[in-house]
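Chain residues, written in single-letter form:
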Amino acid sequence: MLDKIYVGVLHYPSIGKDGRIVTTAVVNMDVHDIARTCRTYLVKRYYIVNNLPVQKQIVLRVLNFWGSDFGKNYNSSRFEALKLVKMVSYYEDLIEDITREEGCEPVKVFTSAKKRDNMVSYADLKDMIVKDERPFLFLFGTGQGMPKEILETCDISLEPIRAFSDYNHLSVRSAVAITLDRAIGELI
């Protein structure tokens, strides 16, 4: 059942402070920490979506270091977590990769700090994951969030972590950890 959970962090496309589509920078800590969270919750793959060649080189350098003999021997648990990371340039690449792997398109779950119409609760999502044979992809935005064009491709709008708070600006690392724990923590 849980061998069908995927996580995608979108650095592109993202909404910038001025409302335009931008590419946000990948933070080294996000690569490590989100990979460790994904490994803890038995996520099949953690995708980093970023279209900038320089950003991709930075991530690949980190992955290559921890995948080297030195990195594996120095910290084998870090190597184990970072094996889950896959870098892709575009959202479409992410969907295509999962579809090729699983034989069907994933159920796309978008997360947001904003309340929206037709939100699904964590309890209802947990039931869907248990009952549905398809893979599930949890999408997390960066910057000021994911653009409308991405949200419209999604199947499920997940309720915010702090829906009734007057302050709801968690780091993406924290959002991934809390979301996975609430959605699948009891299932593993």
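You'll find the structure just up there.
Read on for a plain summary of the structure. (Residues numbered from 1 in each chain as written. Predicted model: local features only at pLDDT ≥ 70, side-chain atom pairs only at ≥ 80, totals over all residues. Heavy atoms only, no water.)

### Brief notes about the environment of glycine 71
Reasoning step 1: Relative to the elements of secondary structure, glycine 71 occurs in helix H3 (residues 69-74).
Reasoning step 2: A relative accessible area of 0% means that glycine 71 is categorised as buried.
Reasoning step 3: What glycine 71 contacts, discounting residues up to four positions off in sequence, is Phe65, Trp66 and Ser76. (Helix = DSSP H or I, 4+ residues; strand = E, 2+ residues; numbered from the N terminus. Buried < 20%, exposed > 50% of the residue type's maximum accessible area, 1.4 Å probe, protein only. Contact = heavy atoms within 4.5 Å.)

### Observations regarding the nonpolar core
Soluble, globular proteins show a tendency: their nonpolar side chains are buried together.
Reasoning step 1: In terms of nonpolar packing, the biggest core is built from 40 residues, with Val7, Tyr46, Leu125, Phe138 and Leu180 touching the most fellow members.
Reasoning step 2: With six residues, the single largest contributor to this core is helix H8 (residues 172-184). (Core = buried A, V, L, I, M, F, W, Y, C linked by side-chain atoms within 4.5 Å.)

### Digging into the side chain of threonine 179
Reasoning step 1: Position of threonine 179 relative to the elements: it lies in helix H8.
Reasoning step 2: Looking at threonine 179, its side chain comes within polar contact range of the main-chain oxygen of alanine 175, at 2.7 Å.
Reasoning step 3: Residue contacts for threonine 179: discarding those within four places in its chain leaves Thr111, Tyr122, Phe138, Phe140, Leu158 and Ile161. (Polar contact = N/O pair within 3.5 Å; in protein donor to acceptor, adjacent residues only side chain to side chain.)

### Side note on the pattern of salt bridges
Reasoning step 1: Per the stated rule, a full pass over the model turns up 18 salt bridges.
Reasoning step 2: Residue arginine 100 pairs with glutamate 96 through a salt bridge whose shortest N-O separation is 3.5 Å. Remark: glutamate 96 and arginine 100 occur in helix H5 (residues 91-102); sequence separation between them is four residues, near one turn of the helix.
Reasoning step 3: With relative accessibility at 56%, the residue arginine 100 sits in the exposed group.
Reasoning step 4: The closest approach of N and O atoms between lysine 126 and glutamate 186, which form a salt bridge, is 3.2 Å. You can see lysine 126 sitting in helix H6 (residues 122-131) and its partner glutamate 186 sitting in the segment after H8, a full 60 residues away along the chain. (Salt bridge = Lys/Arg side-chain N within 4 Å of Asp/Glu carboxyl O.)

### Quick notes on the pairing of strand E1 (residues 5-15)
Reasoning step 1: By the criterion of burial, E1 is predominantly enclosed, with nine of the 11 residues buried.
Reasoning step 2: Note: E1 against strand E7 (residues 136-143), seven bridges, orientation parallel. Within E7, the residue paired with isoleucine 15 across the bridge is glycine 143.
Reasoning step 3: In this sheet, strand E3 (residues 45-49) lies alongside E1 in parallel orientation, the contact comprising five bridges. When the bridges of E3 are listed, valine 7 appears paired with tyrosine 46.
Reasoning step 4: Linking E1 back to strand E2 (residues 21-22) in an antiparallel pair, the connection comprises five residues, with glycine 19 at a positive phi of about 90°. (Pairing = 2+ DSSP bridges.)

Without other data, these values stay purely geometric and don't point to any function.
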